[in-house]
Amino acid sequence: MSDPKFEVTREGPNSLRIAISGRIDAALMEVALQQMSTEMEGMAHGDVLMIDEGAEWPTLGAIGVELRHWPQMMAMLHQLDRAALVSHNQLFRSAATLESALIPGYEIRNFNDEASARAWLKTGADPA
């Protein structure tokens with residue numbers, strides 16, 4: 001098991017990069033949501049590149065933190081139009097596909113590599 005990490009970086013006026021590894025617990029989730037909120041200030045019609053660097057399913061405590069911050073999370077989601085997930089974890093890829101189908105106006109695509117994900121975010125087209 002790797003050390004838990006949830007790293008948020010603003011890469012442009014409307015673009016975030018999130019790298020996740022290890023198992024996220026309640027304390028780290030609190031910090032992560034605050035960091036995301038701060039980094040997303042002023043964003044509109046943004047995109048996010050999510051990189052799975054060996055992430056594990058979050059703890060029940062972390063999920064509880066997400067539920068407690070549900071209104072804040074939905075407000076952040078409304079600032080985004082699409083997300084690219086780079087992961088080989090089939091459970092995460094399936095969850096992303098389901099989330100994309102359930103949230104109107106928000107598209108999530110799965111990718112095997114960061115270059116393809118970045119190309120899609122930049123052009124909106126599937127890489128050749």
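Residues numbered from 1 in each chain as written. Predicted model: local features only at pLDDT ≥ 70, side-chain atom pairs only at ≥ 80, totals over all residues. Heavy atoms only, no water.

Participant: Would you take a moment to explain the pattern of salt bridges for this structure?
Facilitator: In a structure, side chains of opposite charge can pair up when their charged atoms sit close to one another. Counted under the stated rule, the structure contains seven salt bridges. Put simply, lysine 5 and glutamate 53 hold a salt bridge, and the shortest N to O gap is 2.4 Å. With a gap of 48 residues between them, lysine 5 in strand 1 (residues 5–12) and glutamate 53 in strand 3 (residues 46–55) connect regions that are remote in the sequence. Classification of glutamate 53 as partly exposed rests on a relative accessible area of 36%. Because the salt bridges share partners, they merge into one network encompassing Lys5, Glu11, Arg17, Glu53, Glu114 and Arg118. (Salt bridge = Lys/Arg side-chain N within 4 Å of Asp/Glu carboxyl O. Helix = DSSP H or I, 4+ residues; strand = E, 2+ residues; numbered from the N terminus. Buried < 20%, exposed > 50% of the residue type's maximum accessible area, 1.4 Å probe, protein only.)

Participant: Honestly, the packing of helix 1 (residues 26–39) against helix 2 (residues 60–68) in this entry has me stumped. Any pointers?
Facilitator: Helices that pack against each other are described as a pair by the angle of their axes relative to one another and the distance between those axes. Remark: helix 1 packs on helix 2, axes separated minimally by 7 Å, with the N-to-C direction vectors making an angle of 35°. Both helix 1 and helix 2 take part in a crossing whose hand is right-handed. Together, Ala26, Met29, Glu30 and Leu33 of helix 1 and Gly61, Ala62, Val65, Glu66 and Arg68 of helix 2 make up the contact between the two elements. Residues that form the contact of helix 1 with helix 2 fall into these classes: five nonpolar, one polar and three charged. (Axes fitted to C-alpha atoms, helices over the stretch in contact; angles between N-to-C directions. Left-handed = near helix turned anticlockwise from the far one by under 90°. Contact = heavy atoms within 4.5 Å. Nonpolar A, V, L, I, M, F, W, Y, C, P; charged D, E, K, R; others polar.)

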